[in-house]
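Chain by chain, the residues:
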Amino acid sequence: MSAPVVLPLVDDARVLVCCGAGGVGKTSTATALALLAARRGRRVLALTVDPSKRLAQTLGVEPNRREPTAVSRERLQAAGITAGTLDAWMLDPAKVAEDAVKRVAKDEAAQQRLFQNRLYKEVSRMVAGMQEYTAMEALFGFLEAGRYDLVVLDTPPARNALDFLEGPTRLASLLEGRVFQLFLPPTADTGFFERKASELLLSVLSAAFGTENARDLQEFFSLFLPVFKDFGLHASKARALLSSASTGFLLVTSPADEAVADALYFQQRTVDLKLPFRGFLLNRSEADAAGRTLPTLGEDDAQVPALAQAFAKFLPLAGAEQTRHARDAALLATLAAKAAGGSGNDGPTAFARALPTLVTGASELEGLAVLADALARA
Amino acid sequence: MSAIAPFNPRILLVTGKGGVGRSTTAAALGHAFASAGEAVLLLEIGGVGDDASALARAFGRVRLPTKPERIDTAARPDRGAIFGALLLANTGHERFLRRVLPGGPLVAAALRNDALQRLLNAAPSFQEMGIFYHLLTILRETENQRFRWDRVIIDMPATGHTLALTELPAQLLRLLPNGFIGEELRAGRTLLEDRTQTGAVVVTLPERLPITESRELAQGLAKSGVGLCAYVVNKMPATDFSKEERKVLDAWLADSPPLFGRGDYLRSADAKGLARELDGDGAPLVLLPELALSGPALPPALIPYLTKGPS
């Protein structure tokens, strides 16, 4: 048995980011990591960006709260946590935006004007698009406040996870220099070329959205500019932290070809983006034989016709499961080789570890505690 | 009426939890309709991460083309063929600007305008709006006085993001009720909510969590006004144990050491019951078997189970 590789991460990292394709058990893995860290005595926040509400529900935390909610003592004890604390929060873009407005707006009147703006009301509630900016904002806020030793981030499925990382770059490119000024009504100081460019933009926006909407849009831009700037600034700081050695990216996959392809693609992307890739977690695999053998029917049992007949149908399933075990074990070896080949940054060598299929029938929290045990050994 | 009941609407939104086989199902539907002589267009949302496309892999490709291109090789009757393309925000933005701006020079200036391009890339929901508009233009394309595409099948993103997209037209309409964009959003919304035109196909697996989530997804879709045309339960175990067989096996397994096959047996024993939970939930149930095939060979092998109709 090799030395545990997940424990050091859980003990030392400030941010753990779980990425992977949909349906690979990413949310469960993220939650189990958070449980494990809390069990080790750390103050942990499980933050989910995924619109799927599973994590919060499993921990008995209501969605759509303004702030993280502490997981109840009973639940913590059931999961074997006595020393640390665990909070959970499902990102709510509208609430993050509202907090940012309150922080940034010059005075009460400016705040109210923004809150009353028709566009603001709609835009801040949209999940599509707002999530990526507000996720970085929230992450930055939590780390800055020093309330938590570790934030475990459950990202949306692979493709959207990249949006979330690259969102700040897009925002920065819009806010940079004078670009954004062009969307605002010209002032006395506006130069000739800027005025012309601004007029072109207004005519495009008017044609697209109608003149009245375009004016609303302009007002919205001027009101929201400071908030966006604040988002942009924090997002670049959060991005810097995500690139640092105190962060670990874990790529969760199942043995399915598609999920593995996504995980490998994601490894490449994290390395390209210079993010600290720490390892693969192969979920729901049969890589560990766990003492299983091929079944045989004893002489006495074979005499029972009903059992002999049922066993004949059972046997092919056993063969298929054993084949999967061999395939998953080989896959784990492949992932380990890929991990060793590229870990991004100059951190420790990345790993690949298999996690068992969750026992069916167990309550979700019990299942997560079992997964946390497996992670501690991994 | 469709050649393949219950998949009647011209526009099929294939959705479900991650990893349940949405892309496989979308590809299988494509094969089924093309075999029935239809010109099929398979779409998925493009953008960052285009390199990892399960739908493209189902046709032996790395990614789908940016413009509709034939992606199958089989000889088909009539118009039968499968085309594939990515839905791209940029294409949508460009088509939209061409449509609303008076005259070519302004279009060219707008497309060249760096500030506008940056806004389209960064402002919340502009990406989704572009994708939505690209889709709308594709759905309207005609050729010789008929729709260019007999059937448009969209491999949607996983649950939460599907809902974010189907809710978008209504949300944006509140935001931008006037002007050309308002008209187009209304047209798009009408199309999405017309059950004869658009239907959702919710794909799931015969396992506890996916079954529960697929019902939640169906409720979410109903809220956003999109009709559900079928539940597809993918990877139904091939072996089915009778009540008597289960009784003797359960007793025998209770006395056995850890064995290969036990996990699969328990899963097969539960599968039918779990799938049946979706029965009578307002949409026909289609069961697809777990086949020992992968890659491009899998989707066409599923045709018989789709065309058989509801089980």
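As the structure is a prediction and not an experimental result, all values here were calculated from the model.

Novice: Honestly, the overall build of chain A in this entry has me stumped. Any pointers?
Specialist: The number of helices and strands found in chain A is 15 helices and eight strands. Per-residue burial over chain A gives 54% buried out of 378 residues. Considering only residue pairs separated by 6 or more positions, chain A has 79% of its internal contacts joining residues 24 or more positions apart.

Novice: What exactly am I supposed to notice about the interface of chain B and chain A here?
Specialist: Where the parts come together, the accessible area they lose is often given as the size of the interface. Each side of the interface is counted separately: chain B has 68 residues, and chain A has 73 residues. When chain B packs against chain A, the two sides together hide about 5,900 Å² of surface, and 64% of this comes from carbon and sulfur. The interface formed by chain B and chain A includes four salt bridges. Close ionic contact of Lys313 of chain A with Glu245 of chain B constitutes a salt bridge, the shortest N to O distance being 2.9 Å. Linking chain B to chain A there are ten residue pairs in polar contact (both at pLDDT 80 or more). If you tally residues by element for the side of chain B that touches chain A, the top one is helix α7 (residues 159–175) of chain B, at eight residues.

Novice: Where do I start with unusual backbone geometry in this structure?
Specialist: When glycine is set aside, most residues are seen to have a negative phi, and most peptide bonds are trans. In this chain, Ala5 of chain B is followed by Pro6 of chain B through a cis amide linkage whose omega measures 0°. Examined against the element boundaries, Pro6 of chain B turns out to sit in the segment before β1 (11–16). The phi angle at Ala290 of chain A is positive, at roughly 50°, despite the residue not being glycine. Structurally, the position occupied by Ala290 of chain A is in the loop between β7 (277–282) and α13 (299–302). Residue classification places Ala290 of chain A among the exposed positions, given a relative accessible area of 53%.

Novice: Looking at this model, I keep getting lost on the nonpolar core. Mind explaining?
Specialist: Looking at soluble globular proteins, one finds that nonpolar side chains tend to be buried together. Grouped together as the largest cluster of nonpolar side chains are 91 residues, with contacts concentrated most on Leu43, Leu116 and Ile154 of chain B. In terms of residue count, the dominant contributor to this core is helix α11 (residues 211–243) of chain A (ten residues). What Leu116 of chain B contacts, discounting residues up to four positions off in sequence, is Phe183, Leu201, Val204 and Leu205 of chain A together with Leu97 and Ala110 of chain B. Counting residues in each nonpolar core, the second largest holds 42 residues, with Leu9, Ala38, Leu76 and Ala372 of chain A among its members.

Novice: Before we go on, may I ask you to explain the sheet that holds strand β6 (residues 247–253) of chain A in this structure?
Specialist: Think of a sheet as strands paired side by side through backbone hydrogen bonds, with each pair either parallel or antiparallel. Residues and elements named next belong to chain A. Here eight strands make up an open sheet; going across it, the order is β3-β4-β2-β5-β1-β6-β7-β8 and the pairing mixed. Each edge of the sheet is formed by a strand with only one pairing partner; in this case those strands are β3 (69–70) and β8 (351–354). In the sheet, strand β2 (residues 43–48) pairs with strand β5 (residues 150–154) via five bridges, with the strands oriented parallel. Residue Leu45 lies in a different strand from β5, and its bridge partner there is Val151. Together, β1 (15–19), β6 and β7 form the strand contacts of helix α12 (residues 257–272), whose direction differs from that of β6 by roughly 160°.

Novice: What am I meant to see in the pairing of β1 of chain B here?
Specialist: Successive side chains on a regular strand alternate, one facing one side of the sheet and the next facing the other. Residues and elements named next belong to chain B. By the criterion of burial, β1 is predominantly enclosed, with six of the six residues buried. Here β1 pairs with strand β8 (residues 198–204) via six bridges, running parallel. Looking across to β8, one finds that Val14 is bridged to Val201. Taken together, the four bridges between β1 and strand β7 (residues 151–155) define a ladder with parallel strand orientation. Each residue of the ladder has a partner; that of Val14, found in β7, is Asp155.

Novice: Help me understand the sheet that holds strand β10 (residues 285–289) of chain B in this model?
Specialist: All names here are of chain B. Judged by pairing direction, the sheet is mixed, and its eight strands sit side by side in the order β3-β4-β2-β7-β1-β8-β9-β10 without closing on themselves. Looking along the sheet, the strands with just one partner apiece sit at the ends: β3 (69–70) and β10. As defined by bridge partners, strand β9 (residues 228–236) adjoins β10 across four bridges and the pair is classed as parallel. Across the sheet, residue Met236 finds its bridge partner in β10, namely Pro289. Contacts between helix α11 (residues 262–276) and the sheet are confined to β9 and β10, with β9 contributing the most and set at about 175° to the helix.

Novice: Can you help me understand the pattern of salt bridges in this one?
Specialist: Where charged atoms of side chains with opposite charge meet at close range, the side chains can pair. Scanning all chains against the criterion turns up 31 salt bridges over all chains. Linked by salt bridges that have partners in common, Glu286, Arg292, Glu321 and Arg324 of chain A together with Asp264 and Arg267 of chain B make up one network.

Novice: When you look at α11 of chain B in this model, what are you seeing that I'm missing?
Specialist: Each turn of an α-helix holds 3.6 residues, which means side chains three or four residues apart point in the same direction. Its 15 residues give α11 of chain B an end-to-end C-alpha distance of 23 Å, which sits within 8% of 21 Å, the value for a rise of 1.5 Å per residue. Taking the largest bend as the criterion, α11 of chain B deviates by roughly 35°, centred on Asp270 of chain B. Turning to α11 of chain B, its buried residues are Asp264, Tyr265, Ser268, Ala269, Ala271, Leu274 and Ala275 of chain B. In this fold, the buried residues of α11 of chain B make contact with α14 (305–341) of chain A together with α9 (208–223), β9, α10 (243–254) and β10 of chain B.

Novice: Any chance you could explain the packing of helix α2 (residues 26–39) of chain A against helix α15 (residues 364–377) of chain A here in plain terms?
Specialist: Each packed pair of helices is defined by two parameters, the angle between the axes and the distance between the axes. All names here are of chain A. For the pair α2 and α15, the least separation of the axes is 8 Å and the interaxial angle reads 70°. Classified by the angle between their axes, α2 and α15 sit roughly perpendicular to one another. Every residue of α15 that contacts α2 at Ser28, Thr29, Thr31, Ala32, Leu33, Leu35, Leu36 and Arg39 is listed here: Leu368, Ala369, Leu371, Ala372, Asp373, Leu375 and Ala376. Broken down by class, the residue content of the contact of α2 with α15 amounts to ten nonpolar, three polar and two charged.

Novice: What am I meant to see in the packing of helix α10 (residues 192–209) of chain A against helix α5 (residues 114–122) of chain B here?
Specialist: Two elements in contact, α10 of chain A and α5 of chain B, have axes separated by 10 Å at closest approach and are oriented at 45°. Relative to α5 of chain B, α10 of chain A is oriented oblique. Along its contact with α10 of chain A, which presents Leu201, Val204 and Leu205 of chain A, the element α5 of chain B presents Ala115, Leu116 and Leu119 of chain B. Split by residue class, the contact of α10 of chain A with α5 of chain B holds six nonpolar, no polar and no charged.

What counts and what doesn't
- Residues numbered from 1 in each chain as written.
- Chains lettered and ligands numbered in written order.
- Predicted model: local features only at pLDDT ≥ 70, side-chain atom pairs only at ≥ 80, totals over all residues.
- Heavy atoms only, no water.
- Helix = DSSP H or I, 4+ residues; strand = E, 2+ residues; numbered from the N terminus.
- Buried < 20%, exposed > 50% of the residue type's maximum accessible area, 1.4 Å probe, protein only.
- Contact = heavy atoms within 4.5 Å.
- Buried area = accessible area lost by both parts, 1.4 Å probe.
- Salt bridge = Lys/Arg side-chain N within 4 Å of Asp/Glu carboxyl O.
- Polar contact = N/O pair within 3.5 Å; in protein donor to acceptor, adjacent residues only side chain to side chain.
- Core = buried A, V, L, I, M, F, W, Y, C linked by side-chain atoms within 4.5 Å.
- Pairing = 2+ DSSP bridges.
- Axes fitted to C-alpha atoms, helices over the stretch in contact; angles between N-to-C directions.
- Expected span 1.5 Å × (residues − 1).
- Bend = angle between axes of the 7 residues up to and from the residue.
- Parallel < 35°, antiparallel > 145°, perpendicular 65-115°, else oblique.
- Nonpolar A, V, L, I, M, F, W, Y, C, P; charged D, E, K, R; others polar.

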